[in-house]
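Understanding the architecture of this molecule
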Amino acid sequence: MRTFLSRLAAVFVLLSPLAATAQDASLDNVAKAMGAAGVKSIQYSGSGVNFQIGQNYSPDVPWPRFLVKSYTRAANYDTPALRDELVRLQGEDPPRGGGGQPVSGEQRQIFVMSGDFAWNVVGDVVNPSPIALIDRQLQLWTTPHGVVKAAMANKATVQGRVISFAVPGKFRVKATVDGQNLVEKIEAVAPNAVLGDVAVEVRYSDYKDFAGVKFPTKIRQTIGSYPALDLTVSDVQPNVAVDIPVPDPIRQTPAPYIRVTTQMAADGVWYITGGTHHSVLIEMKDHVLLVESPLNDDRAVAVLGEVKSLVPNKPIKHVIATHHHFDHAGGLRAIAAEGIPVITHDVNKPFLEKALAAPASVLPDRLAKSGKKGAVEGMRDKRVLTDGARTVEILNIPGNNHQGGIAMVYLPKEKLLVEADVYNPPAANAPPSPTVNSNWVNLADNIKRLNLTVDQILPLHGRIMPLAELHKAIGHSH
Ligand SMILES: [Zn+2]
């Protein structure tokens, strides 16, 4: 009797279409369950927390957390385009890590992608952000309906409940569907300037019906194994008008990272600017030193070209990396591809060693193509580089909230100090900040503690400024 019943059950499983879908997904059934064909655009909003990727206090702790009071994402799958608008508040206490902490009050952020352009909106100003393009395209094509459309467009394969596809040079995606053929998990691999291949995971749960379209009300994302977003969705509007034209200034600035401007700060010392993140070149007797290789391969190549034209016949012996934050470390893989060793604080050394040996299989970069692995040398409180004539001191900045292993570079003879992120000067004609950041005070305290004689600061954001301006910013207390 038992045998007969189990045989009957087996026959039932084989014959029933319902049971078949519970075993194997088909792309058509998933598209039908999700209502993908009928969704040309979508807008969803909610609230929760998000985290600033690559801005953790040290490489071994999670990305810093922010409270997201409101989050609205508008997606157009036809054009294609994506617009995220967030209102965020300070989440970490104390405000440890980067990402513009501490956020005072409510801060509005707008991140946009349209076609092959990515940009951010700050007030009335649009800032090109091509470095974020692939990530935003991945965000669009891993939304619950976007992933189904991308799977169909990119000849996905289906194995069991897992749908796999790749967009060459951009990302690889695996989407898992649940028993109702609703997308429940995304596992993607995308390119990252610091990490090489980076893992992006999204979990969709608690689906509800919104105007006939199924949409998850819980969205949780991790990037590089740390949490990136935890969102509770409260409103979903399928097929609202989402029209995102590319602004002229963005269309006219397709390659902002290759712009280089150089200013001589002292004999044999150059401040290499032109974009958002600067570097400093220091000429020694038979070699040169470079402080910081930020952003990405494109920026690194432009800076390396400038170094070569400023000092044609001396090799770069070391690149000093002030800290591991991704915007400042994104050009280090290109440095490793040139076989140049990196000096950084011991806090960052294991992380950078791993990053400079990591594969970049989705979008092979200069390091991946070189077949090399980067060399990283550590330091703790102080490391001195000298050729007998010029002395370069690399000094830790302890006690700041920005990063736990951050270094500044001091040239005692020239009375110059290079620092990143602990003090970013406002535009020369801007009114003074009404608030004092504890990291500014910490920088002034460290300059005093170490008895450094500084005339000018060369900040790696902003402009050359006299030390007196830092003292003024913190209220003459030093
Ligand atoms: Zn930083």
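Residues numbered from 1 in each chain as written. Predicted model: local features only at pLDDT ≥ 70, side-chain atom pairs only at ≥ 80, totals over all residues. Heavy atoms only, no water.

1. Quick notes on the overall build of the protein chain
- Scanning the protein chain for helices and strands turns up 13 helices and 26 strands.
- For 478 residues, the compact-globule estimate of 2.2 N^0.38 gives 23 Å, and the C-alpha radius of gyration of the protein chain, at 25 Å, lies within 12% of that figure.
- Its C-alpha atoms put the protein chain at 95 × 50 × 45 Å along the principal axes.
- Per-residue burial for the protein chain yields a buried fraction of 51% across its 478 residues.
- Considering only contacts in the protein chain between residues 6 or more positions apart, those separated by 24 or more positions represent 60%. (Helix = DSSP H or I, 4+ residues; strand = E, 2+ residues; numbered from the N terminus. Rg over C-alpha atoms; globule rule 2.2 N^0.38 Å. Buried < 20%, exposed > 50% of the residue type's maximum accessible area, 1.4 Å probe, protein only. Contact = heavy atoms within 4.5 Å.)

2. Things to note about the coordination of the zinc ion
- Within the protein, the atoms that donate to the zinc ion are His-323 (NE2), His-325 (ND1), His-402 (NE2) and Asp-421 (OD), at distances of 2.0 to 2.2 Å.
- The coordination sphere of the zinc ion comprises four donor atoms, whose angles at the metal cover 90 to 171 degrees; the geometry is irregular.
- Between the donor residues of the zinc ion, the gaps in sequence give the motif H-x1-H-x76-H-x18-D.
- Exposure remark for His-325: the relative accessible area of 0% places this residue in the buried category. (Donors = N, O, S within 2.8 Å, 3.2 Å for Na, K, Ca; no water. Tetrahedral: all angles 85-135°; square planar, octahedral: opposite > 155°, others 65-115°.)

3. What to know about the environment of Pro-398
- One can find Pro-398 in the loop between strand E22 (391-396) and strand E23 (407-411).
- Overall, the relative accessible area of 34% leaves Pro-398 in the partly exposed class.
- Here the alpha-carbon distance between Pro-398 and Asn-442, two residues 44 residues apart in the chain, equals 8.2 Å.
- When neighbours within four sequence positions are excluded, Pro-398 is seen to be in contact with Asn-442, Asn-446 and Arg-449.

4. A short note on helix H3 (residues 27-34)
- Restricting attention to buried positions, one finds in H3 the residues Leu-27, Val-30, Ala-31 and Met-34. Buried residues along H3 cover an arc of 100 degrees about the axis, so they all sit on one side. Among the exposed residues of H3, those pointing more than 90 degrees away from its buried face are Asp-28 and Lys-32.
- A positive backbone phi angle near 70 degrees is found at Gly-35, which sits one or two residues after H3. (Arc of directions from axis to C-beta.)

5. Quick notes on the pattern of salt bridges
- Within the structure shown, the criterion is met by 16 salt bridges.
- Residues Lys-214 and Asp-209 are paired through a salt bridge, measuring 3.7 Å at the closest nitrogen-oxygen approach.
- Here Glu-353 ties to Lys-349 by a salt bridge, and the two come within 3.5 Å at their closest N and O atoms. Taken together, the residues span about one helical turn, with Glu-353 and Lys-349 both in helix H10 (residues 349-355) at a distance of four residues.
- You can call Glu-353 partly exposed: its relative accessible area is 34%.
- Of the residues examined, Lys-349 reaches a relative accessible area of 26% and is grouped as partly exposed.
- Within the structure, one salt-bridge network assembled from shared partners comprises Arg-83, Glu-85 and Arg-108. (Salt bridge = Lys/Arg side-chain N within 4 Å of Asp/Glu carboxyl O.)

6. So, the pairing of strand E18 (residues 316-320)
- Burial of E18 is extensive: four of the five residues sit out of reach of the surface.
- Here strand E17 (residues 288-291) runs beside E18; their pairing, made up of four bridges, is parallel. Each bridged residue has a counterpart across the sheet, and for Leu-290 the counterpart in E18 is Val-319.
- Relative to strand E19 (residues 342-343), E18 runs parallel, the two being bridged by two bridges. Residue Ile-320 lies in a different strand from E19, and its bridge partner there is Ile-343. (Pairing = 2+ DSSP bridges.)

7. Re helix H5 (residues 144-153)
- With respect to burial, H5 is a largely interior element, eight of its ten residues being buried.
- Backbone geometry just after H5 places Lys-155 at a positive phi near 50 degrees.

8. Structural notes on the environment of Lys-354
- Within the element layout of this structure, Lys-354 appears in helix H10.
- For the pair Lys-354 and Pro-144, spaced 210 residues apart in sequence, the C-alpha separation works out to 33 Å.

9. Remarks on the confidence of the model for the protein chain
- In the predicted model, the protein chain carries a mean pLDDT of 94, and 94% of its residues have values of at least 70.
- Here residues 8-22 is modelled with pLDDT under 50, and outside its nearest four sequence neighbours on either side it reaches five contacts, counting other chains as well. (pLDDT = per-residue confidence, 0-100.)

10. Remarks on the sheet that holds E22
- Here six strands make up an open sheet; going across it, the order is E21-E22-E23-E24-E25-E26 and the pairing mixed. The open sheet is flanked by strand E21 (382-386) and strand E26 (465-466), the only strands paired with a single partner.
- Taken together, the five bridges between E21 and E22 define a ladder with antiparallel strand orientation. For Leu-385, the partnering residue across the bridge sits in E22 and is Val-392.
- In the packing of helix H12 (residues 438-449) onto the sheet, the strands contacted are E22, E23 and strand E24 (416-419), and the crossing angle to E24 comes to about 140 degrees. (Axes fitted to C-alpha atoms, helices over the stretch in contact; angles between N-to-C directions.)

11. Brief notes about the packing of aromatic side chains
- Enumeration over the complete set of coordinates arrives at seven aromatic pairs.
- Here the aromatic rings of Tyr-44 and Phe-215 are separated by 4.7 Å at their centres, their planes lie at 45 degrees, and the arrangement is tilted. Of this pair, Tyr-44 sits in strand E1 (residues 41-51) while Phe-215 sits in strand E12 (residues 213-223), and the two are 171 residues apart along the sequence. In terms of burial, Tyr-44 and Phe-215 fall into one category: buried.
- Where Trp-63 meets Tyr-226, the ring centres are 5.0 Å apart and the plane angle is 85 degrees; that geometry is what we call edge-to-face. In this pair, Trp-63 sits in the loop between E1 and strand E2 (65-76) while Tyr-226 sits in strand E13 (residues 226-238), placing the two residues 163 residues apart along the sequence.
- Assessed through its relative accessible area of 5%, Trp-63 is described here as buried.
- Every member of this aromatic cluster is reached through a ring pair, and the members are Trp-63, Tyr-226, Phe-326 and Phe-351.
- Positioned above the aromatic ring of Phe-66, the side-chain terminus of Arg-88 is 4.0 Å from the ring centre.
- Above the plane of the ring of Tyr-57 lies Arg-96, whose end atom (NZ or CZ) is 4.3 Å from the centre. (Phe/Tyr/Trp six-rings, centres within 6.5 Å; stacked < 30°, edge-to-face > 60°. Lys NZ or Arg CZ within 6 Å of the ring centre and 35° of its normal.)

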